[in-house]
Each structure stands twice: as structure tokens, then as C-alpha cells.
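Results of the structural survey
As a plain string of letters, each chain reads:
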Amino acid sequence: EAINIKAHDRLALWVAFGLLLGPLAERGTRAYRSPVGRWYLLIVYCAIYGSTGLLKAIHEPGWFDGTVLPAHLTLVNFSGSPLALWVARQWWFVFVGGWWTVLFELAFPLLIWFRRTNPWLLLVAAVFHLAVVALMDVGAFSYVSISAYPVLLHPEIAERWWGALRARWSPAPGGGSSP
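Now for a quick tour of the structure. For clarity, every value in this text was computed on a predicted model and none was experimentally measured.

**Some remarks on the packing of helix α2 (residues 36-59) against helix α6 (residues 91-111)**
- In contact at an axis separation of 7 Å, α2 and α6 are set at 140 degrees when each is read in the N-to-C sense. As the angle between them shows, α2 and α6 are arranged oblique. Remark: the crossing between α2 and α6 carries left-handed chirality. Residues Tyr-45, Cys-46, Tyr-49, Gly-50, Thr-52, Gly-53, Leu-54, Lys-56 and Ala-57 of α2 touch α6, and the partners they reach there are Thr-101, Val-102, Phe-104, Glu-105, Leu-106, Phe-108 and Pro-109.
- Broken down by class, the residue content of the contact of α2 with α6 amounts to 10 nonpolar, 4 polar and 2 charged.

Right, dumping it as C-alpha cells:
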């Protein structure tokens with residue numbers, strides 16, 4: 001874990017590279033959109049989550065017996081906040097949280113590809129990273145991780161949501177704007 005304190009720097013570089021692969025300065029929703037940036041980021045995120053989950057499942061049995069999370073939540077370098085110390089003493093939370101973390105990381109590389117599970121998986125991932133923000137001090141890692149989630153959203157769902165947002169906030173006939 002000590003060498004991963006600055007992991008957000010590496011992830012930010014990978015995310016920035018993926019975003020740069022995408023089309024720039026496009027106008028309108030019918031323009032050709034290169035999928036290269038999205039595919040690149042899907043591969044990066046699948047590799048990160050999948051390998052992390054696999055290594056935890058194979059080499060760190062403490063994720064399954066509830067001993068790893070209390071250790072992480074009480075480390076001076078990563079945590080030590082009153083909330084983290086309280087959570088570290090909640091056996092049910094650290095037991096379920098350990099299992100949930102490994103299962104989420106192992107499931108991500110599979111579930112991200114399906115339109116039906118894609119938005120729900122990204123929502124769960126965002127909640128996961130917001131919990132990390134609330135409980136641990138790992139720099140900007142969670143924010144950098146979440147920053148690419150809109151690109152990972154299935155294109156059909158993203159287009160539908162974007163259209164709904166544009167319709168909601170576009171100027172109404174007569175000069176006013178709709179609420």
C-alpha cells in the first residue's frame with residue numbers, strides 16, 4: 001500500500017490520455033464519435049479493478065474475514081479520522097465491506113460491458129469511492145477514478161441521459177428558460 005499513496009497521479013495520466021483519444025470540438029449529437037478513448041478507458045479500468053480484486057482474493061484472506069479494513073482504517077498514513085476509527089470497530093461493516101470490495105472489483109471487468117448493468121455498476125463504483133473519500137486519505141485517487149465514469153457509461157444510455165438533460169435545460173419557446 002505504501003507505494004500506492006500517489007497512485008492517483010498515474011491514474012490521472014491514464015485517464016487524461018484516454019480523454020485525449022476522444023474526438024475534440026464536436027458539435028451536435030449526430031457527428032461521428034470515435035470510440036477509441038472509451039475503449040481505452042474501459043480496458044484500463046477493467047485491468048485496474050480486475051487485477052486488484054484478483055490479487056486481494058488470492059493473496060489477502062483478510063478481506064474475507066474482516067481484518068484488512070480495520071487495519072487500513074487505522075493506519076496513520078491513510079486514515080485515523082474519528083469516523084474511520086468508529087467504522088473500524090464495527091465488525092459487521094468491515095466484514096461486509098471486505099467481501100463487497102473484492103466482489104465489486106472482480107465483477108467490474110464483466111458487468112461494465114452490459115448496457116443493463118453498466119449504469120448501476122458505475123453508481124456502485126461512485127458510492128465505493130465516496131466511501132473511500134469519507135474514510136481514508138488517499139489523495140485525489142477517488143476523484144480521479146470517478147472523473148472517467150461518464151466516459152465509461154454505455155453510449156446509448158449516455159446519449160439518452162444527455163438528451164433528457166438538454167431538453168430539461170434548453171430555453172423554452174418565448175424566451176424564458178424551463179425550470
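**So, the environment of His-72**
- With respect to the secondary-structure elements, His-72 resides in helix α4 (residues 68-74).
- Separated by 12 residues in the primary sequence, His-72 and Ala-84 have C-alpha atoms spaced 9.2 Å apart.

**Overview of the packing of aromatic side chains**
- Counting across every chain of the model gives 13 aromatic pairs.
- Between Phe-17 and Tyr-40, the aromatic rings sit 5.2 Å apart at their centres with planes inclined by 80 degrees, giving edge-to-face as the arrangement. Pair noted here: Phe-17 is in helix α1 (residues 7-21) and Tyr-40 is in helix α2, with a separation of 23 residues, a long-range link.
- Measuring from centroid to centroid gives 6.0 Å for Tyr-45 and Tyr-149, while their planes differ by 65 degrees, and the two rings are edge-to-face. With a gap of 104 residues between them, Tyr-45 in helix α2 and Tyr-149 in helix α9 (residues 149-152) connect regions that are remote in the sequence. Neither Tyr-45 nor Tyr-149 differs from the other in exposure class; each is buried.
- Within the aromatic cluster, the residues linked to one another by ring pairs are Tyr-45, Tyr-49, Trp-100, Phe-104, Phe-108, Phe-128 and Tyr-149.
- Geometry around Trp-63 places Lys-56 over its ring, the cationic atom sitting 4.3 Å from the centre.
- Lying over the aromatic face of Trp-169, Arg-168 brings its terminal NZ or CZ to 5.4 Å of the ring centre.

Rules behind the numbers
- Residues numbered from 1 in each chain as written.
- Predicted model: local features only at pLDDT ≥ 70, side-chain atom pairs only at ≥ 80, totals over all residues.
- Heavy atoms only, no water.
- Axes fitted to C-alpha atoms, helices over the stretch in contact; angles between N-to-C directions.
- Helix = DSSP H or I, 4+ residues; strand = E, 2+ residues; numbered from the N terminus.
- Parallel < 35°, antiparallel > 145°, perpendicular 65-115°, else oblique.
- Left-handed = near helix turned anticlockwise from the far one by under 90°.
- Contact = heavy atoms within 4.5 Å.
- Nonpolar A, V, L, I, M, F, W, Y, C, P; charged D, E, K, R; others polar.
- Phe/Tyr/Trp six-rings, centres within 6.5 Å; stacked < 30°, edge-to-face > 60°.
- Buried < 20%, exposed > 50% of the residue type's maximum accessible area, 1.4 Å probe, protein only.
- Lys NZ or Arg CZ within 6 Å of the ring centre and 35° of its normal.

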